[in-house]
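Next come the chains, spelled out residue by residue.
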Amino acid sequence: MGLLTESMLDDAAMIRFMSEASSIFAASRHIKWNIDVEEYMAQLPNHIVPRVNSSGEKHREKQLLTQLPRQDLSVAYCRHLGNQTERKVYEEFINARNEIALDIGYVAANIPKSMECHKCSGVLERNEMAVVAPKLGESTGWHPACFTCTTCEQLLVDLTYCVKDDQIYCERHYAELHKPRCAACDEVRLDGLIDLLVQSIDR
């Protein structure tokens, strides 16, 4: 994983990117936030609750950079696409991922029937609050604190997730399921990327 430095967090362009990324993903789906936000936040570890001017707010900013690498979201942030062919391959990967895997979960304030938490296998009782990932079906839910990336086990920032083989991942680790990431520049290597993506869809 690429290192996140203080200079990156202070960089004005990165701050703009974080704001833009959050807006883009929020706009991509009508998120059902007609809930008691305090009740939802109370179910998360206190140190990561993103209250204004808190350590939780800084944690969210860092998680945006980690889980949603800007170079994974747009070719505009990629420094090592050498020609138009590579740009086309990368754009195809982004488009396929966005259509097939990427989505935003939502918080259901009162689920209509009991279900099993997809992560911990504990019971979510009828009328209990749960997080739902639509790409896995409306009857699949998580405890709010269980809505985490399968690889890094970090809470999925702003409920943004990618799905593969009935598991949820942050965008960073979803991309790394298909191809390794360069340790120097933090960009995903492109060779064979589309073929691997198509193979995973056909399974």
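Everything that follows concerns the structure shown earlier in this document.
Model, not experiment: these values are computed from the prediction.

1. A short note on the sheet that holds strand β8 (residues 167-169)
The strand order across the open sheet built from three strands is β1-β7-β8, with neighbouring strands paired in antiparallel fashion. Two strands lie at the open edges of the sheet, namely β1 (102-104) and β8, each paired on one side alone. Pairwise comparison of adjacent strand axes, ignoring direction, gives a mean angle of 45° for this sheet. Across three bridges, the pairing between β1 and strand β7 (residues 160-164) is antiparallel. Each bridged residue has a counterpart across the sheet, and for D103 the counterpart in β7 is Y161.

2. Some words on the packing of aromatic side chains
Under the definition given, this model contains three aromatic pairs. With 6.3 Å between their ring centres and 45° between their planes, Y90 and F93 make a pair best called tilted. Separated by three residues within a single helix, Y90 and F93 lie in helix α6 (residues 84-100), roughly one turn from each other. Considering the side-chain rings of F147 and Y161, the 5.9 Å spacing of their centres and the 80° angle between planes classify their relative orientation as edge-to-face. Pair noted here: F147 is in the loop between β6 (141-142) and β7 and Y161 is in strand β7, with a separation of 14 residues, a long-range link. Since its relative accessible area comes to 1%, F147 is described here as buried. Counting every residue linked through ring pairs, the aromatic cluster contains W142, F147 and Y161.

3. Regarding the pairing of β7
Within β7, five of the five residues are buried, which leaves it mostly tucked inside the rest of the structure. Where β7 meets β8, three bridges bridge the pair, whose relative direction is antiparallel. Bridge pairing in β8 links C162 to Y169. In textbook terms, the turn of a hairpin is the stretch between consecutive antiparallel strands, and for β7 and β8 this stretch comprises two residues, one of which, D165, has a positive phi near 50°.

4. A short note on the pattern of salt bridges
One pass over the full model with this rule turns up nine salt bridges. Residues K164 and D165 are paired through a salt bridge, measuring 3.1 Å at the closest nitrogen-oxygen approach. Overall, D165 belongs to the exposed group, its relative accessible area being 54%.

5. Let's talk about the environment of D166
Take D166: it is sitting in the loop between β7 and β8. Residues D166 and K135, 31 residues apart in the sequence, show an inter-C-alpha distance of 9.0 Å. In this structure D166 touches H118 and L136, once residues within four positions along its chain are discounted.

6. Some words on the nonpolar core
Soluble globular proteins: nonpolar side chains tend toward being buried together. Grouped together as the largest cluster of nonpolar side chains are 35 residues, with contacts concentrated most on Y40, W142 and F147. Non-local contacts of F147, meaning those with residues more than four positions away in its chain, are made with G105, V131, A133, W142, Q154, L155, L156, L159, Y161 and I168. With nine residues, the next largest nonpolar core counts F93, A175, V188 and L190 among its residues.

7. A look at unusual backbone geometry
Although it is not a glycine, S121 sits at a positive phi angle of roughly 65°. Classification of S121 by relative accessible area gives partly exposed; the value is 45%. Unusually for a residue other than glycine, D158 sits at a positive phi of about 55°. Here D158 lies in the loop between β6 and β7. Residue D158 is classed as partly exposed on the basis of its relative accessible area, which comes to 31%.

Cut-offs used in this document
- Residues numbered from 1 in each chain as written.
- Predicted model: local features only at pLDDT ≥ 70, side-chain atom pairs only at ≥ 80, totals over all residues.
- Heavy atoms only, no water.
- Pairing = 2+ DSSP bridges.
- Helix = DSSP H or I, 4+ residues; strand = E, 2+ residues; numbered from the N terminus.
- Axes fitted to C-alpha atoms, helices over the stretch in contact; angles between N-to-C directions.
- Phe/Tyr/Trp six-rings, centres within 6.5 Å; stacked < 30°, edge-to-face > 60°.
- Buried < 20%, exposed > 50% of the residue type's maximum accessible area, 1.4 Å probe, protein only.
- Salt bridge = Lys/Arg side-chain N within 4 Å of Asp/Glu carboxyl O.
- Contact = heavy atoms within 4.5 Å.
- Core = buried A, V, L, I, M, F, W, Y, C linked by side-chain atoms within 4.5 Å.

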